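Now for the letters of each chain:
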Amino acid sequence: QLQASGGGLVQAGGSLRLSCAASGRTFSSYAMGWFRQAPGKEREFVAAISWGGGNTYYADSVKGRFTISRDNAKNTVYLQMNSLKPEDTAVYYCAADKDRSNWASRLARVAARMYDYWGQGTQVTVSS
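Just so we're clear, the structure is a prediction, and the values are computed from it rather than from any experiment.

Chemist: So what exactly am I meant to see when it comes to the overall build of the protein here?
Modeler: When its secondary structure is counted, the protein shows one helix and 11 strands. Of the regular secondary structure in the protein, the N- to C-terminal order runs β-β-β-β-β-β-β-β-β-α-β-β. Whereas a compact globule of 128 residues would reach a radius of gyration of roughly 14 Å, the protein reaches 13 Å, a difference of no more than 12%. Its C-alpha atoms give the protein principal-axis dimensions of roughly 40 × 30 × 25 Å. Relative to its 128 residues, the protein shows a buried fraction of 44%. Pairs at least 24 apart in sequence give 59% of the contacts found in the protein among residues at least 6 apart. For the protein, the accessible surface area stands at approximately 6,500 Å², while carbon and sulfur atoms represent 46% of it. The protein carries 15 positive and 9 negative side-chain charges, and their two centres are separated by 4 Å.

Chemist: Where do I start with the pattern of salt bridges in this structure?
Modeler: A side chain with one charge can pair with a side chain of the opposite charge if their charged atoms come near. Tallied over the full model, the rule gives four salt bridges. The shortest N-O distance in the salt bridge between Arg 36 and Asp 88 comes to 2.9 Å. With Arg 36 in strand E4 (residues 31-37) and Asp 88 in the loop between strand E8 (76-81) and strand E9 (90-97), this residue pair connects regions lying 52 residues apart in the sequence. Look at Arg 36 and you get buried, because its relative accessible area is 5%. Residue Asp 88 is joined to Arg 65 by a salt bridge in which the shortest nitrogen-to-oxygen separation is 2.8 Å. Placement of Asp 88 in the loop between E8 and E9 and of Arg 65 in the loop between strand E6 (56-58) and strand E7 (66-71) is noted, with a sequence separation of 23 residues between them.

Chemist: Looking at this model, I keep getting lost on the sheet that holds strand E1 (residues 2-5). Mind explaining?
Modeler: Strand-to-strand pairing in sheets goes through backbone hydrogen bonds, with the strands running parallel or antiparallel. The strand order across the open sheet built from four strands is E1-E3-E8-E7, with neighbouring strands paired in antiparallel fashion. The open sheet has two edge strands with one neighbour each: E1 and E7. Across this sheet, the average inter-strand angle for adjacent strands is 15°, counted without regard to direction. Where E1 meets strand E3 (residues 16-22), four bridges bridge the pair, whose relative direction is antiparallel. Bridging across to E3, Leu 2 finds its partner in Ala 22.

Chemist: Would you take a moment to explain the packing of aromatic side chains for this structure?
Modeler: What describes a pair of aromatic rings is the distance from one ring centre to the other and the angle between the planes of the rings. For the coordinates displayed, the defined rule picks out six aromatic pairs. Considering the side-chain rings of Phe 35 and Phe 45, the 5.7 Å spacing of their centres and the 75° angle between planes classify their relative orientation as edge-to-face. Of the two residues, Phe 35 is situated in strand E4 and Phe 45 in strand E5 (residues 44-49); the sequence distance between them amounts to 10 residues. Across the pair, Phe 45 and Phe 35 agree in class, each one buried.

Chemist: Explain the environment of Ser 23 here, please?
Modeler: Counting through the fold element by element, Ser 23 comes out in the loop between E3 and E4. The class for Ser 23 is partly exposed, based on a relative accessible area of 44%.

Chemist: For this particular structure, what's the right way to read the side chain of Asp 97?
Modeler: Take Asp 97: it is sitting in strand E9. Buried charge without a salt bridge: Asp 97, with Lys 98 as the nearest opposite-charge side chain at an N-O distance of 8.3 Å. Here the side chain of Asp 97 touches Asp 99 through a polar contact of 2.9 Å, landing on its backbone nitrogen. One polar contact links Asp 97 to Asn 102, side chain to side chain, over a distance of 3.0 Å. Contacts of Asp 97, omitting those with residues within four sequence positions, involve Tyr 30, Ala 31, Asn 102, Met 114, Tyr 115 and Asp 116.

Parameters and conventions
Residues numbered from 1 in each chain as written. Predicted model: local features only at pLDDT ≥ 70, side-chain atom pairs only at ≥ 80, totals over all residues. Heavy atoms only, no water. Helix = DSSP H or I, 4+ residues; strand = E, 2+ residues; numbered from the N terminus. Rg over C-alpha atoms; globule rule 2.2 N^0.38 Å. Buried < 20%, exposed > 50% of the residue type's maximum accessible area, 1.4 Å probe, protein only. Contact = heavy atoms within 4.5 Å. Areas by Shrake-Rupley, 256 points an atom, 1.4 Å probe, with all protein chains shown as cover. Lys, Arg positive; Asp, Glu negative; His and termini not counted. Charge placed at Lys NZ, Arg CZ, Asp CG, Glu CD. Salt bridge = Lys/Arg side-chain N within 4 Å of Asp/Glu carboxyl O. Pairing = 2+ DSSP bridges. Axes fitted to C-alpha atoms, helices over the stretch in contact; angles between N-to-C directions. Phe/Tyr/Trp six-rings, centres within 6.5 Å; stacked < 30°, edge-to-face > 60°. Polar contact = N/O pair within 3.5 Å; in protein donor to acceptor, adjacent residues only side chain to side chain.

Coordinates in, geometry out; function isn't part of it.
Here it is as structure tokens:
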């Protein structure tokens with residue numbers, strides 16, 4: 001089970017840190033991802049991190065502004081979001097991928113359908 005938190009209302013240029021807490025003993029075995037969905041749009045990939053945290057991957061739209069990290073001792077993955085823009089406004093979801101072989105494929109890393117477990121989402125609103 002995944003529980004996302006940390007969303008809120010922030011002005012453009014501001015920062016937020018999202019957290020996603022996982023239950024269970026297998027968290028450290030899963031690659032984790034963050035996705036977002038704006039009203040009227042499809043869910044899109046934001047960032048992903050490998051099970052050990054040594055490898056990360058970002059959508060071009062957030063590269064250099066967002067940082068994904070994880071603390072396996074706390075069963076938590078984070079998304080630090082800096083220099084936020086109004087176009088970052090969306091519901092943000094964390095997700096877990098239990099199939100390690102997917103990490104070898106860039107296409108699999110960014111595909112929502114490849115992730116097995118999903119959190120409930122947290123709203124991020126960036127005002128201009």
